[in-house]
Amino acid sequence: MAALLGALSAAGCAVRHYRAAPIAPEETAARLENANLADPGLRAYVEQNLGQSVSPWPPASWTLRTLTLAALYYHPAMAASRARVGEAEAAERTAGARPNPTLRMAPGVPSPYLFNLEFAVPLETAGKRGHRISSARALSLAARLELGESAWKLRSQLRQALLNRLLAARVLEALHREEELRRAQVRMLEQRLEVGEIARPPVDTARIELARTHLATVAAEGRAAEATAALAAAIAIPASALQQVDLVWPELESPPEAASLPAASIQREAVVNRLDVRRALAVYAAREAQLQLEIAKQYPDVQIGPGYTYEEGHNFFTVGVSATLPLLNRNEGPIAEAEARRRQAGAEVLQTQARVLAESETALARYTGALQELAEADRSLAVLQDERLRTTQRAVEVGEEDQLALNTAELEKAILDRSRLDALGRAQRALGELEDALQRPLDGGAAPLPISSQPETTTKEPRQ
């Protein structure tokens with residue numbers, strides 16, 4: 001009885017007690033509303049992952065890489081994915097735990113003439129614990145790969161939002177320039193109309209084009225504001241935090257050439273190294289270990305231990321062995337279920353690889369076509385700038401042409417500038433799709449994503 005009480009007391013001291021972690025919606029909302037790019041915790045996170053000091057803070061300009069770090073630091077999706085990784089790692093500990101021994105005490109009636117005490121240690125057979133651990137480790141790896149997928153999705157959304165924001169600003173600038181040129185054209189045509197040099201239809205046509213350009217400018221202003229809000233949402237900060245922030249993308253004008261992306265290597269990398277393919281393989285490994293575990297359960301576990309009996313002044317010591325006899329079934333049902341789950345996981349691996357292969361081929365073809373379109377827009381713009389515009393400028397200087405002809409040439413260049421921006425946007429979006437197909441950055445300024453399976457030390461926990 002003394003040994004029993006001592007064991008129970010020791011076990012009670014090691015018990016982990018419940019700790020409440022309530023969430024106050026007002027506090028979490030305030031945390032989201034107050035997030036900004038000048039946060040000291042963000043600075044520590046950025047410097048840690050860049051491997052260098054960032055001074056001054058906040059930096060004068062933000063790139064895709066530093067904005068991605070800000071998104072990984074702030075976005076709740078990363079906290080949720082890290083929590084799932086923590087759950088999977090805890091499941092590894094559960095799988096590796098050994099079963100506790102049992103103690104059975106049966107006092108007799110009338111006491112104290114009869115008393116039984118039995119102690120049993122369970123012994124798992126056929127390597128069941130090892131199979132459980134293998135399955136849990138594979139699922140933990142799958143959870144970490146899912147964390148990487150979450151980070152990549154954030155980076156992809158951020159890249160798209162930053163591209164839209166920068167292009168919207170440049171399109172708006174081009175439309176302002178075009179509106180100024182059309183306003184000047186209307187003034188020159190109205191002056192000619194007043195002196196009787198031209199009829200009214202050209203003036204009316206110019207006024208209509210001016211009105212269309214003005215409406216396009218207003219719409220572009222709305223798209224620019226919307227793009228700013230979308231970029232802030234991708235980082236999980238309020239849009240006001242992006243005010244007065246200089247956004248730069250050095251590689252925006254120079255997407256990689258199609259020749260540097262051979263189709264064979266693109267397809268090979270996609271079907272082998274993509275995170276979702278590796279996650280599907282990890283799930284298959286877990287299903288394989290689970291099948292081995294169910295097969296091992298055909299062999300019963302054993303419980304062995306000493307026993308003590310006191311009966312009417314006599315002491316009896318025994319050693320007992322117990323096991324479940326597999327007489328009515330041999331675990332056929334769970335084995336069949338595990339085999340079916342393994343077949344399903346294998347089919348999902350092939351399905352994922354086929355989808356990835358199709359996505360990579362489609363994305364590469366789309367990117368190649370977009371690059372050709374961008375190259376053609378560059379050639380057209382160069383021809384206009386080198387021939388038409390310069391020739392007209394020289395003609396105006398020598399008096400062969402007037403300002404209206406120069407205005408017309410400048411308008412043509414402004415229109416081609418906007419067409420070229422559209423082509424650049426399509427090329428960069430196609431490059432983004434190709435990066436998504438590989439789940440790897442392809443531009444020169446990119447770097448691997450800093451993914452940790454543990455929550456960051458700067459993460460703020462709910463108030464206890």
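Described in the following lines is the structure provided in the data block. (Residues numbered from 1 in each chain as written. Predicted model: local features only at pLDDT ≥ 70, side-chain atom pairs only at ≥ 80, totals over all residues. Heavy atoms only, no water.)

**Comments concerning the packing of aromatic side chains**
Phase 1 of the analysis: Applying the stated rule across the entire model yields three aromatic pairs.
Phase 2 of the analysis: Considering the side-chain rings of Tyr 45 and Tyr 73, the 5.7 Å spacing of their centres and the 40 degrees angle between planes classify their relative orientation as tilted. Placement of the pair is Tyr 45 in helix H3 (residues 40–50) and Tyr 73 in helix H4 (residues 64–74), with a sequence separation of 28 residues.
Phase 3 of the analysis: In this structure Tyr 45 comes out as buried when scored by relative accessible area, which is 2%.
Phase 4 of the analysis: The class for Tyr 73 is buried, based on a relative accessible area of 17%.
Phase 5 of the analysis: A ring pair is formed by Tyr 73 and Tyr 74, whose centres lie 4.8 Å apart and whose planes are at 80 degrees; its orientation type is edge-to-face. (Phe/Tyr/Trp six-rings, centres within 6.5 Å; stacked < 30°, edge-to-face > 60°. Helix = DSSP H or I, 4+ residues; strand = E, 2+ residues; numbered from the N terminus. Buried < 20%, exposed > 50% of the residue type's maximum accessible area, 1.4 Å probe, protein only.)

**Considering the pattern of salt bridges**
Note on pairing: side chains with opposite charge can pair once their charged atoms come close.
Phase 1 of the analysis: What the rule picks out here adds up to 34 salt bridges.
Phase 2 of the analysis: Note that Asp 204 and Arg 207 form a salt bridge whose closest N and O atoms lie 3.9 Å from each other. Here the residue Asp 204 and the residue Arg 207 both occupy positions in helix H7 (residues 200–235), the gap between them amounting to three residues, near one helical turn.
Phase 3 of the analysis: The partly exposed category is assigned to Asp 204, whose relative accessible area is 31%.
Phase 4 of the analysis: Note on Arg 207: relative accessible area 35%, which makes it partly exposed.
Phase 5 of the analysis: Here Glu 359 and Arg 355 are joined by a salt bridge, their closest N and O atoms 3.5 Å apart. Of this pair, Glu 359 and Arg 355 both sit in helix H10 (residues 332–398), four residues apart, which is roughly one turn of the helix.
Phase 6 of the analysis: According to the relative accessible area criterion, Arg 355 is partly exposed, its value standing at 38%.
Phase 7 of the analysis: Salt bridges here are not isolated pairs; linked through shared partners, they connect Arg 170, Glu 253, Asp 378 and Arg 420. (Salt bridge = Lys/Arg side-chain N within 4 Å of Asp/Glu carboxyl O.)

**Re the environment of Arg 200**
Phase 1 of the analysis: Mapped onto the secondary structure, Arg 200 falls in helix H7.
Phase 2 of the analysis: A residue is classified by how much of its surface remains accessible, and Arg 200, at 45% relative accessible area, is partly exposed.
Phase 3 of the analysis: Taking the C-alpha atoms as reference points, Arg 200 and Ala 437, 237 residues apart in sequence, are found 56 Å from one another.
Phase 4 of the analysis: Setting aside residues no more than four positions away along its own chain, Arg 200 makes contact with Leu 193 and Arg 207. (Contact = heavy atoms within 4.5 Å.)

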